[in-house]
Amino acid sequence: MEGAEPMSDSIESRLKEDRKFEPSAEFKKAALVSSPEAYEALYKRSLDEPEAFWKEETKDLAWRTPWKKFHEWELPHAKFFVGATLNVSESCLDRHLTTNARTTAALIFEGEPGDTRTLTYFELHREVVRLTAALADLGVKAGDRVAIYMGMVPEAAIAMLACARIGATHSVIFGGFSSDALRDRINDCQAKVLLTQDGAWRRGNVVPLKKMADVALEGTPTIEKVVVLKRIGRESAPCEMKEGRDVWYEDLLGRTPSAESLALAKKPPAFDAEHPLFILYTSGSTGKPKGVLHTSAGYLAGAHVTTRYVFDLRDGDLYWCTADVGWVTGHSYIVYGPLSNGATCLMYEGAPNFPDPGRFWQIIERHGVTVLYTAPTAIRAFIRWGDDWPAKSDLSSLRLLGSVGEPINPEAWTWYHKVIGKGRCPIVDTWWQTETGSIMLTTLPGACHSKPGSTGLPLFGVDIAVVKDDGAECKANEGGKLVIRKPWPSMTRTLWGDDERFKQAYWSQMPGVYFTGDGARRDEDGYFWVVGRIDDVLNVAGHRIGTAEIESALVSHPAVAEAAAVGKPDELKGQALVVFVTLKGGQEPTKELKAKLTEHVDKEIGKFARPESIRFTDALPKTRSGKIMRRLLKEIASGATETKGDTSTLEDLSVLAKLRADEE
Ligand code: WTA
């Protein structure tokens, strides 16, 4: 048994002064990959013999036609599994109906009020088939776009899988987005149908999703039908149902499907490997969000293979990814990755501190979670809430921990490791992006030691490097840009409706390589240390926010002349958002106006993008050519009293002195 050796010895001996953590012999014994050599052999094979590697690793997926060629590319465009056909939902559902997985739980759901629901693979398949037929009867066809604006309920996953089954492209819009943000995303992808719910539970309150959707729907001409799940019940989340457009989810499923739709749902069509699967909007360096497009086979292959290896899936595991389905982590590691592996996933609806900060740990004890995948921002909040909360629950079922979304500071790593993992559980720190579709960097938990703060080594087929501006690879420990030198199966194929921006944003920095937007270094052992974004994207509490998005939201307010958003280090959120605002003539810089501007950001984007502080200023520091010098603003926001960098291009030095004097 793990606990047989004195705990302190085992922690200290495995977490040496040089900060390397070796998995225990017991963990290794049962691991899928259990030595650095085995990892290296697999990695090498994935690069040298990709056909053989991917054939073997994706043999369980429900291919209808095998591929003729593994890849084909003319950069920046790439195709994978050329010639293959499949239906993604079949790989996630139907293929498990002939194995023991049929009667095993696919999803174990816990609602915020405490209600629970388990769906076996058989039941999940049945629900998806019912919704597929119903959506087909509503007129949804292959290639149509369907928007999903829901909370963390099983129906969100069911809706995604039903779209995949029809071949419709889903676009899940995070439930924290405002009506305006929802409207813009629906219009950008021209969705035909919207699936939403009356409301979602959040910290005991109801987020009125349908009401918010109604505001968006005033400006979305392409939406023909709205399907509304009753999650809360009429009393606390009243809904106005628009005749002819809106239908309750339950009523829709109650209708008898047409024979044709039912036949399609039961035996869904096969689609080309490159058939679009979903669009997910994410932030970039301009005000307009990017519609990252993922296609079928390559995306699924990436999610499938990484889920199995990174989480080292074993029979009997209960795997819990705490991300929201509205972000890519929820797509790849709640829905497509785990389900295509026949895993059992826990899905929790609400906040981590409701009704008290022990909720996560109670969930782990109640259900017997074995693998926990969460974000550093959550870990830092748990640290703040105190060790007493996890101490109240039995966490001995845990065997593996994961982290994603931002760099994990070594303090948070160590706390996670000791207080949650009791020194027993390896931590996989996974680096990836909405655009990469699946995990690119980590340490396979039974194979390689991990180092707190490092995202480890490349995964299969990932040719990744840290380079200088001229493209030359950096020396060990030298900082540079993180780039991926070759296309990989789960990479985004383009940005929806804007291929030019796809080329510009990712493939124009250096010829022939994909630029991640992150800065990093690689140490003498080949381990990657990701520093964070070096473009105009911030990572606030694990949410990716473009500074330009915030700025364009602010300048759309009638009082604002100009705005500059920057990040400052924050103990809890990783980065906090600070905005500098200049007002139009005649506007007074009052407290009330600050409150109004905050509300305005809530409305334009959503509450999660609220600036931590808004600072009024008469002028922003600019270069002589008129570019805002964000580097200086960043320094000022972080409280620096002196300017480190070069100010020779600054137009008016007195602006800096003034900004510092005005510091809050
Ligand atoms: C950051 C989330 C350090 C990074 C899956 C990346 C990380 C951006 C890590 C993508 C990590 C993600 N360590 N930084 N383990 N994981 N990031 O698209 O800056 O929401 O570019 O995808 O998050 O954020 P996105």
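Residues numbered from 1 in each chain as written. Predicted model: local features only at pLDDT ≥ 70, side-chain atom pairs only at ≥ 80, totals over all residues. Heavy atoms only, no water.

**Quick notes on the sheet that holds strand 4 (residues 85-86)**
Within a sheet, neighbouring strands are paired by backbone hydrogen bonds and run either parallel or antiparallel to one another. Defined as follows: When DSSP finds two or more bridges between two strands, those strands count as paired. Segments assigned H or I by DSSP are reported as helices when at least four residues long, segments assigned E as strands when at least two residues long, and all are numbered from the N terminus.
Taken in spatial order, the three strands line up as 1-4-14 in an open sheet, and their pairing is antiparallel. Two strands lie at the open edges of the sheet, namely strand 1 (63-65) and strand 14 (271-272), each paired on one side alone. As paired strands, strand 1 and strand 4 are joined by two bridges and run antiparallel to one another. Among the inter-strand pairings, Thr 65 is bridged to a residue of strand 4, identified as Thr 85.

**Re helix 21 (residues 630-637)**
The condition is simple: Burial status follows relative accessibility: with a 1.4 Å probe on protein chains alone, a residue under 20% of its type maximum counts as buried, one over 50% as exposed, and anything between as partly exposed. Contacts are assigned to residue pairs with any non-hydrogen atoms lying within 4.5 Å of each other.
Leu 632, Leu 633, Glu 635, Ile 636 and Ala 637 are the residues of helix 21 that are buried. Those residues of helix 21 hidden inside the fold are in contact with strand 31 (560-570), strand 32 (574-583), strand 33 (613-616) and helix 22 (654-661). Directly after helix 21, the chain includes Gly 639, whose backbone phi takes a positive value near 90°.

**Description of helix 14 (residues 359-367)**
An α-helix turns once per 3.6 residues; consequently, residues spaced three or four apart project the same way. Looking at helix 14, one finds that the buried residues are Arg 359, Phe 360, Trp 361, Ile 363 and Ile 364. Note on helix 14: the residue one or two positions beyond its end, Gly 368, has a positive phi of about 75°.

**Some points on the layout of surface pockets**
The criterion, for reference: Within this scheme a cavity is a closed region of a 1 Å grid, computed over the protein atoms alone, that accommodates a 1.4 Å probe without allowing it to escape, whereas a pocket is open but has protein on both sides within 12 Å along at least five of seven lines; lining residues each have an atom within 4 Å of a point. Grid points are joined across faces, edges and corners, and a volume is the space filled by probe spheres set on the points. For this scheme, ten residues count as nonpolar: Ala, Val, Leu, Ile, Met, Phe, Trp, Tyr, Cys and Pro. Four count as charged, namely Asp, Glu, Lys and Arg, and the remainder, Gly too, count as polar.
Roughly 460 Å³ of volume is contained in the second largest pocket. The wall of the second largest pocket is formed by 18 residues, among which Arg 314, Asp 315, Asn 341, Gly 342 and Ala 343 lie closest to the centre. By residue class, the composition of the lining of the second largest pocket is four nonpolar, eight polar and six charged.

**Description of unusual backbone geometry**
Residue Pro 76 follows Leu 75 across a cis peptide bond; omega there is 5°. Secondary-structure assignment places Pro 76 in the loop between strand 2 (69-74) and strand 3 (77-82). Between Phe 354 and Pro 355 the backbone carries a cis peptide bond, its omega angle lying at -5°. Structurally, Pro 355 can be placed in the loop between strand 18 (345-348) and helix 14. You will see that Arg 203, though not glycine, has its phi angle at about 50°, which is positive. Relative to the helices and strands, Arg 203 resides in the loop between strand 10 (200-202) and strand 11 (205-207).

**Some details on the packing of aromatic side chains**
Test applied: Here a Phe, Tyr or Trp ring, Trp counted by its six-membered ring, pairs with any other such ring whose centre lies within 6.5 Å, and the pair is stacked when the planes are under 30 degrees apart, edge-to-face when over 60, and tilted otherwise.
Tallied over the full model, the rule gives 40 aromatic pairs. Consider the rings of Phe 174 and Phe 177, whose centres lie 6.1 Å apart with planes at 80°: the pair is edge-to-face. When the centroid spacing of 5.2 Å and the interplanar angle of 80° are considered together, the rings of Trp 488 and Tyr 514 count as edge-to-face. Placement of Trp 488 in the loop between strand 25 (480-484) and strand 26 (494-495) and of Tyr 514 in strand 27 (residues 514-522) is noted, with a sequence separation of 26 residues between them. Linked through ring pairs, Phe 53, Trp 54, Trp 63, Trp 67, Phe 70, Trp 73, Phe 80, Phe 81, Tyr 309 and Phe 460 together constitute an aromatic cluster.

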